[in-house]
Amino acid sequence: RKEVEQDPGPFNVPEGATVAFNCTYSNSASQSFFWYRQDCRKEPKLLMSVYSSGNEDGRFTAQLNRASQYISLLIRDSKLSDSATYLCQLKAAGNKLTFGGGTRVLVKP
Amino acid sequence: NAGVMQNPRHLVRRRGQEARLRCSPMKGHSHVYWYRQLPEEGLKFMVYLQKENIIDESGMPKERFSAEFPKEGPSILRIQQVVRGDSAAYFCASSPGGQHHQPQHFGDGTRLSIL
C-alpha cells in the first residue's frame, strides 16, 4: 500500500457544482496535513493546512479523519479557475514529507 | 521577491554532460527539499537537507545524483552523466523547519531537457 493515495481523476465538474475528494494515508504517526494545488507545468502552491477540527477558507473546506486515516477537500461553487491538480501532503516525525499523486479537477462551463 | 529562487528555469544538456540546478531558499528558511516531476506524473521526493547536512536522501537515485546545501550559498542538485530519462521538472521547496504545521514554499522549478 502506498504511503499516501489519491484518486487521480479527472473529476469533471460543472461550473458552480460542488466537488469533494479524499487522500488516504497509511502512517498513523502523520502529524501535519496540507493541500496544495498545482497548475499545469507550474510549481505547487499551498492551498490550505488541514487542522484536526476541520477548517474552511472561502469555498474550500478541509477535513481530517484520523480514525479512518484520510483527509478531504471540498470545493463549493466551482469556478473555471479551480481546474488544477490537487496534491495532499503529510508531514511525519523528523520532518518527513510525503505527497500524494494528485487529483486532477476539470471545471467545465 | 523573497520567495524560493531556482535557476536556471530551463536547462538543456546533451547525454553524458553534467547538470547543476540551484536553489536559494526563502529568507529565514533553513530546510530545503528537492523533488522531481516527470511529465504527467506526481512529485517524487528526492532529498531533504539542512545547512551542511543531508537529512534524508531516500529518494535519490544511487548513482549520478548528489545534493548539497553549503553554509554559504544556494543548495545544489548535481546530476552527472545525464541520460534521456533525467528529463523532468525539478522543484525545490524550503521551510523554516522546527516544529510542525510549517508548509513548504516552492520555487518555479528547473525544466531539464536532455538531447
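All values derive from a computational prediction rather than experimental measurement. (Residues numbered from 1 in each chain as written. Chains lettered and ligands numbered in written order. Predicted model: local features only at pLDDT ≥ 70, side-chain atom pairs only at ≥ 80, totals over all residues. Heavy atoms only, no water.)

Caption draft 1: Representation of the state of the cysteines within the structure. What the rule picks out here adds up to two disulfides over all chains. For Cys23(A), the disulfide goes to Cys88(A), at an S-S distance of 1.9 Å. Disulfide Cys23(A)-Cys88(A): the torsion about the S-S bond is 65 degrees, which places it as right-handed. Placement of the pair is Cys23(A) in strand E3 (residues 19-25) and Cys88(A) in strand E9 (residues 84-92), with a sequence separation of 65 residues. Cys88(A) shares its class with Cys23(A); the two are buried. The residue that forms a disulfide with Cys23(B) is Cys92(B), at a sulfur-sulfur distance of 1.8 Å. Here the S-S torsion is close to -55 degrees, and the disulfide linking Cys23(B) with Cys92(B) is therefore left-handed. Residue Cys23(B) is found in strand E3 (residues 19-24), and its partner Cys92(B) is found in strand E9 (residues 88-95); the two are separated by 69 residues along the sequence. Cysteine Cys40(A) shares no disulfide, and the gap to the nearest cysteine sulfur, in Cys88(A), comes to 20 Å. (Disulfide = S-S within 2.5 Å. Helix = DSSP H or I, 4+ residues; strand = E, 2+ residues; numbered from the N terminus. Buried < 20%, exposed > 50% of the residue type's maximum accessible area, 1.4 Å probe, protein only.)

Caption draft 2: Region of the structure containing the pattern of salt bridges. With the rule as written, the count across this model stands at eight salt bridges over all chains. Across the salt bridge formed by Arg76(A) and Glu56(A), the nearest N and O atoms sit 3.4 Å from each other. Taken together, the residues span a long stretch of sequence, with Arg76(A) in the loop between strand E8 (70-75) and E9 and Glu56(A) in strand E6 (residues 55-57) at a distance of 20 residues. Owing to a relative accessible area of 30%, Arg76(A) belongs among the partly exposed residues under this scheme. The class for Glu56(A) is exposed, based on a relative accessible area of 57%. Asp77(A) is paired through a salt bridge with Lys79(A); the nearest N and O atoms lie 3.0 Å apart. Among the charged side chains, a network of salt bridges with common partners joins Glu18(B), Arg20(B) and Arg78(B). (Salt bridge = Lys/Arg side-chain N within 4 Å of Asp/Glu carboxyl O.)

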